[in-house]
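Architecture at a glance
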Amino acid sequence: MRRTRRVALTVAASAMAVSLTACGALEVSGSSSDASPTKGDDVTVGLLLPEKANTRYEQFDHPIFKKKVESLTGGRGTVEYANAESSADRQAQQMQRMVDDRVDVIVLDAVDAHTIADSVKAAKDAGIPVIAYDRLAEGPIDAYISFDNELVGEVQGRSLLEGLGSDSAAGTIVMMNGAPTDPNARQFKAGALTELAGNVRVGAQYDTKDWKPENAEANMAEAIRTLGVGNIDGVYSANDGMAGGVIEALKAAGVTDLPPVTGQDADLAAVQRIVSGEQYMSVYKSYPQEAEDAAEMAVARVQGKDIQFDALVEDKVDSPTHKNIPAQLVTVVALTKKNIAETVVADGIHKVSDICTAAYKADCAEIGLK
Ligand code: BGC
């Protein structure tokens, strides 16, 4: 199911967009008149992904995207792939290389959504359309595909309250937010706060550099020192990699009965922690829908199939530099012990045999996962 709700990314973003429009900045349109001339199946699609510290990009986004480009082009299309390993500078170089190589279209998941704007402009000036993937890059992008990221935060916040149960009113939580260079992190946090504000006390909060699990672990150790381990009733962790770091820090402080900890991404390790009760929840985001639709958008753009392209981007979003960007925002679902079979297993993301290894056999049996 796709949500068609319009999303104003941030108040500041919209205000900025208005003032830019007033001084003549371009409105992004759905027309492909400035895209490269229509091509056949021998397309080259550049794919730039941001990091490897979290598992999704190498395990799901890249392979699913590549397979879809190949199937859409009868095996004649190719994907030129680069992963920036959390370095914004490296990503700018990788993108320049793709422009020099004259790829037909670039699909970009930015390390730093603000600083990459110059590279987006350079690609656009060279006649190469850019589609922002998952994170909304600034600059003249042609379209954006992601999940409904505010909803991700809302789902996390609501689940955390559920996990805290009747204790929530008196509860103190730690917020482990994502990287400040990623606009999604802001949206996850804002979405979570719509549920949490007024219901819990936020004892400590962190922006986690590069979304790295080890940075989250260090931040959590600091929160434990500041608040006292017995005074932490729950942890809002923006994703699963960081939830792993948070749980390590709690265990290192001697906690055996872990408080509810949230996550996102349905990482295999997180699904196993959910099975064993160490992690309360994750958010399942359908990688096939995001990556396959992105591949379809990229190929349709290059091949001049405007009707197909427009049908994939029926939402609109504003970035700090451009407004009315055609977008698709895919919906998400809370992943708990109760729905592992109907989500990640049904979608072929993880096999029961991968989740229910020897160490998790008994827990899997208890929740009927087989
Ligand atoms: C993505 C998350 C991911 C995080 C860290 C966000 O932009 O939406 O799925 O966990 O980046 O890479």
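Shown above is the structure to which this text applies.
Residues numbered from 1 in each chain as written. Predicted model: local features only at pLDDT ≥ 70, side-chain atom pairs only at ≥ 80, totals over all residues. Heavy atoms only, no water.

**Re the site of the ligand**
Short version of the rule: Proximity is defined per residue: if any heavy atom of the residue lies within 4 Å of a molecule or strand, that residue is considered near it. Nitrogen and oxygen atoms within 3.5 Å of one another constitute a polar contact, given that in protein one can donate a hydrogen and the other can accept it, and given that sequence-neighbouring residues count only through two side-chain atoms. Three residue categories are used. Nonpolar comprises Ala, Val, Leu, Ile, Met, Phe, Trp, Tyr, Cys and Pro, charged comprises Asp, Glu, Lys and Arg, and polar comprises the others, including Gly.
As a structural note, the neighbourhood of the ligand is formed by 14 residues, with Glu51, Tyr57, Asp134, Asp182 and Asp265 the closest of them. Contacts to the ligand include Arg56, whose side-chain N or O atom sits 2.7 Å from an oxygen atom. In this structure, an oxygen atom belonging to the ligand sits 3.0 Å away from a side-chain N or O atom of Asn184. Residue composition of the shell around the ligand, by class: three nonpolar, four polar and seven charged.

**Remarks on helix α6 (residues 183–196)**
Applicable threshold: In this text, helices come from DSSP runs of H or I with a minimum length of four residues, and strands from runs of E with a minimum of two, each type numbered from the N-terminal end. Helix span, expected: 1.5 Å multiplied by one less than the number of residues in the helix. Only protein chains enter the accessibility calculation, which uses a 1.4 Å probe. A residue is then buried if its area is under 20% of the maximum for its type, exposed if over 50%, and partly exposed in between. Residues are treated as being in contact if the distance between any of their heavy atoms lies within 4.5 Å.
Spanning 14 residues, α6 covers 20 Å between terminal C-alpha atoms, matching the ideal 20 Å at 1.5 Å per step. Residues Pro183, Asn184, Ala185, Gln187, Phe188, Gly191, Ala192, Glu195 and Leu196 constitute the buried set of α6. The inward-facing, buried residues of α6 abut β6 (143–147), α5 (149–164), β7 (172–177), β9 (234–237) and β10 (282–285). Directly beyond the C-terminal end of α6, a positive phi value near 85 degrees is found at Gly198.

**Observations concerning empty space enclosed by the protein**
Rule in force here: The definitions used throughout rest on a 1 Å grid laid over the protein atoms alone, on which a cavity is an enclosed set of points accommodating a 1.4 Å probe that cannot get out and a pocket is an open set flanked by protein within 12 Å on both sides along at least five of seven lines; lining residues are those having an atom within 4 Å of a point. Grid points are joined across faces, edges and corners, and a volume is the space filled by probe spheres set on the points.
Here the structure, examined in full by the defined rule, presents three cavities of 30 Å³ or more. Quantified by volume, the largest cavity comes out at close to 110 Å³. Along the walls of the largest cavity sit 14 residues, with Arg56, Tyr57, Trp211, Asn239 and Asp265 positioned nearest its centre. Counting only elements with at least two residues in the lining of the largest cavity, the list comes to α2 (56–72) and α6. Considered as a void within the structure, the second largest cavity measures approximately 60 Å³ in volume. When grouped by side-chain class, the residues that make up the lining of the second largest cavity number four nonpolar, two polar and three charged.

**Considerations on the pattern of salt bridges**
For side chains of opposite charge, pairing can occur when their charged atoms come near one another. Formally: Counted as salt bridges are all cases of a side-chain nitrogen of Lys or Arg within 4 Å of a carboxyl oxygen of Asp or Glu.
Overall, the coordinates contain 17 salt bridges when judged by the stated rule. Between Asp61 and Arg56 there is a salt bridge, with its nearest N and O atoms 2.7 Å apart. A single burial state applies to Asp61 and to Arg56, both of which are buried. We note a salt bridge from Asp182 to Arg135, for which the minimum N-O separation is 2.9 Å. Residue Asp182 is found in the loop between β7 and α6, and its partner Arg135 is found in the loop between β5 (130–133) and β6; the two are separated by 47 residues along the sequence. Neither Asp182 nor Arg135 differs from the other in exposure class; each is buried. One network of salt bridges, with partners in common, ties together Arg56, Asp61, Asp134 and Glu290.

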